[in-house]
Amino acid sequence: ARRSRRSTRASLSPLPMPDEPEAAEPAGEAGLSKNEQKRRAKQEAQAKAKAEKAAAKAAADAAKPKPAAAAAAQEEEEEEQDPTKYFENRLTFVNGVKEKGANPYPHKFQTSMQLPDYVAKYESIGSGEMSADGGVGLAGRIATKRAGGKGLVFFDVVGDGAKVQVFASADKFSDYAGLEKDEKAARFSALMSTLKRGDIVGVRGTPGKTKRGELSLFPTQMLLLTPCLHMLPKVPPGSSGLADKETRYRQRYLDLIMNPTTRSTFITRTRAINFLRRFLDMHGFLEVETPMMNAIPGGATARPFITKHNDLNLDMYMRIAPELYLKMLVVGGLDRVYEIGRLFRNEGMDLTHNPEFTTCEFYWAYADYEDLIKFTEELLSQMVLNICGGYKVKLHLEAKLGEPAKELEIDFTPPFRRIPMISGLEEKLGVKIPLPLESDETNSFLKELCAEHGVECKPPLTTYRLLDKLVGEFLESQCLHPTFITDHPKIMSPLAKDHRSKPGLTERFELFANYHEMCNAYTELNDPVEQRARFAAQAKDKAAGDDEAMFVDDGFITALEYGLPPTAGWGMGIDRLCMLLTDNESIKEVLLFPAMRPVGMAADFNPDCQ
């Protein structure tokens, strides 16, 4: 009976009462309980809050300094900009600094020492160690900049031929002491973003070495002293610096910034001039200065530059040599005088010629050209030994079309070889040159000799010019090592004294090395009557069209009439000497600002210009 009652109840469905309303559907999704709805609403609120928090964090991160990789990428992007755009951006930055009332070009930064002195003083610090010295101030140009991590930037600062790493860390800067971490990082990042490659900066901090042994300065302060508005050239991989010669010669400051070897070249040049000056001083010579503008361009056979003296309404000539003035001083009793200075010759430009160049000339009373030969050997051999560490100098010649690069060795060990000019030419060509050399017969003979050997000589075909071309072709070509070509003809030496034992020749020599003239010297002509006759012969050549022939200088002849003691005179080109000492083929490499053809001028603008 109990089983049947349970069965009956299970089989019956409950029916709603007539007055009972049906249950309402839930407010959310159909079929969800109130608890489920609450749970889901809570989840949605939590997700929304999480999203808002993530957005706020992203905004905060965007305001913070970029990671090292991002910062480095930004620097790289700026370096890849168009140079004009880069310049505009830097100029905008500088103007922005001025608008804020700050000075982007401070008047002064107190340095403690130069960079080479810093390297010498602190190089002995051990790896990972710091000096007890604080507040050491250095200044220089930023050569490289590298991001090293959050709040860390490395700079290589260069100056005076030395390099020091700057290990910049936000935690070390005194101006940021006491700031919150994020604020400190933001300020550090802002400062670092203003410092670019090429800028000149002042750095103050503590000397030390990194764990890897890199000598560094750990700064507590960095200050932009001079912004570099232009993008420095990028150095291609495998290159040691700026290679384009046109840029290097026209913008020598950029060459010096980018190429440490250029600085070394001009330091060597200064050392050579200083050695020469000391050597002459030690031998009792007095350094003097003579006029750069002359009414008559005397002292050498060369084409002069002409300028104008407005007050006197007078054409003047830039000096082609100081010789006549220096000999006048010897007449006045200054027995040993010298001058180191610029000369100006309005002639071609090539690998060994520049319109303005530096020479040394000295005059030595009571000496002759034999004394000068010994003096020259001692001077140059000792100079090469002092600067190069030995008597031999190596030259590395650039590869030319179809030819490999060459290495030459030039030996300055004294004594130097000697070749008498006329007899050396006769021996080399197997001929006998007719005498006297001033005759028309000799002139005709030399013309035929030049034609026979294919030696070109431009008009006027004077005996002097023909001989000069033959000597250049057949004697100078033998002079790799220092060699004296001696005993020049009188017609080639209007200021030299007659040879005491060889008629028609003079006591003169030219020193050649690496096939180029280095020195010119002779026993000086001191007979005023003979000097006037020599000048007259030069005037004849000038009338025939030789613009390099000498003028007649009556003032100098008057000085000789007062009496010039037996004297020897000597001149040397500083620039060619420095080419040898610095392993350079071009004179432009040893002149800070060589003469250059104007940009845009065609190479054949003047057919006579080489």
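Our subject is the structure that appears above.
Since the model is a prediction, treat every value here as computed from it, not as a measurement.

Engineer: Which parts of the structure should I look at to understand the packing of aromatic side chains?
Structural biologist: When we look at a pair of aromatic rings, we describe it by the centre distance and by the angle of the planes. Tallied over the entire structure, the rule returns 17 aromatic pairs. With a centroid separation of 5.0 Å and an interplanar angle of 65 degrees, the aromatic rings of Phe285 and Phe362 are classed as edge-to-face. A residue pair is termed long-range when its members are at least 10 positions apart, and Phe285 in the loop between helix 9 (260-282) and strand 6 (286-287) and Phe362 in strand 11 (residues 356-365) qualify at 77 residues. Each member of the pair, Phe285 as well as Phe362, is classed as buried. Each ring, one from Phe412 and one from Phe416, has its centre 6.3 Å from the other, and the planes form 80 degrees; the classification is edge-to-face. Relative accessible area serves as the criterion here: at 2%, Phe412 is assigned to the buried category. Given the relative accessible area of 6%, Phe416 is considered buried. In textbook terms, an aromatic cluster arises when at least three aromatic residues are bridged by ring pairs, as seen for Phe275, Phe279, Phe285, Phe362, Trp364, Phe375 and Trp570. Across from the ring centre of Phe285, 5.7 Å away, lies the NZ or CZ of Arg336, which sits over that ring. Here Lys542 stacks its cationic end above the ring of Phe551, 4.5 Å away from the centre of that ring.

Engineer: What am I meant to see in the sheet that holds strand 16 (residues 508-513) here?
Structural biologist: Two strands in a sheet stick together by hydrogen bonds in their backbones, pointing the same way (parallel) or opposite ways (antiparallel). Taken in spatial order, the 8 strands make up an open sheet running 6-10-11-18-17-16-15-14, and their pairing is mixed. With partners counted over all chains shown, the strands left at the sheet margins are strand 6 and strand 14 (417-420), one partner each. Relative to strand 18 (residues 567-573), strand 17 (residues 516-523) runs antiparallel, the two sharing 5 bridges. Bridging from a neighbouring strand, Tyr522 pairs with Gly569 of strand 18. The sheet strands contacting helix 10 (residues 323-331) are strand 10 (336-344), strand 11, strand 17 and strand 18, and the helix crosses strand 11 at an angle near 25 degrees. Packing against the sheet, helix 12 (residues 421-429) makes contact with strand 14, strand 15 (483-486) and strand 16, and its axis sits at approximately 85 degrees to strand 14.

Calculation criteria
- Residues numbered from 1 in each chain as written.
- Predicted model: local features only at pLDDT ≥ 70, side-chain atom pairs only at ≥ 80, totals over all residues.
- Heavy atoms only, no water.
- Phe/Tyr/Trp six-rings, centres within 6.5 Å; stacked < 30°, edge-to-face > 60°.
- Helix = DSSP H or I, 4+ residues; strand = E, 2+ residues; numbered from the N terminus.
- Buried < 20%, exposed > 50% of the residue type's maximum accessible area, 1.4 Å probe, protein only.
- Lys NZ or Arg CZ within 6 Å of the ring centre and 35° of its normal.
- Pairing = 2+ DSSP bridges.
- Contact = heavy atoms within 4.5 Å.
- Axes fitted to C-alpha atoms, helices over the stretch in contact; angles between N-to-C directions.

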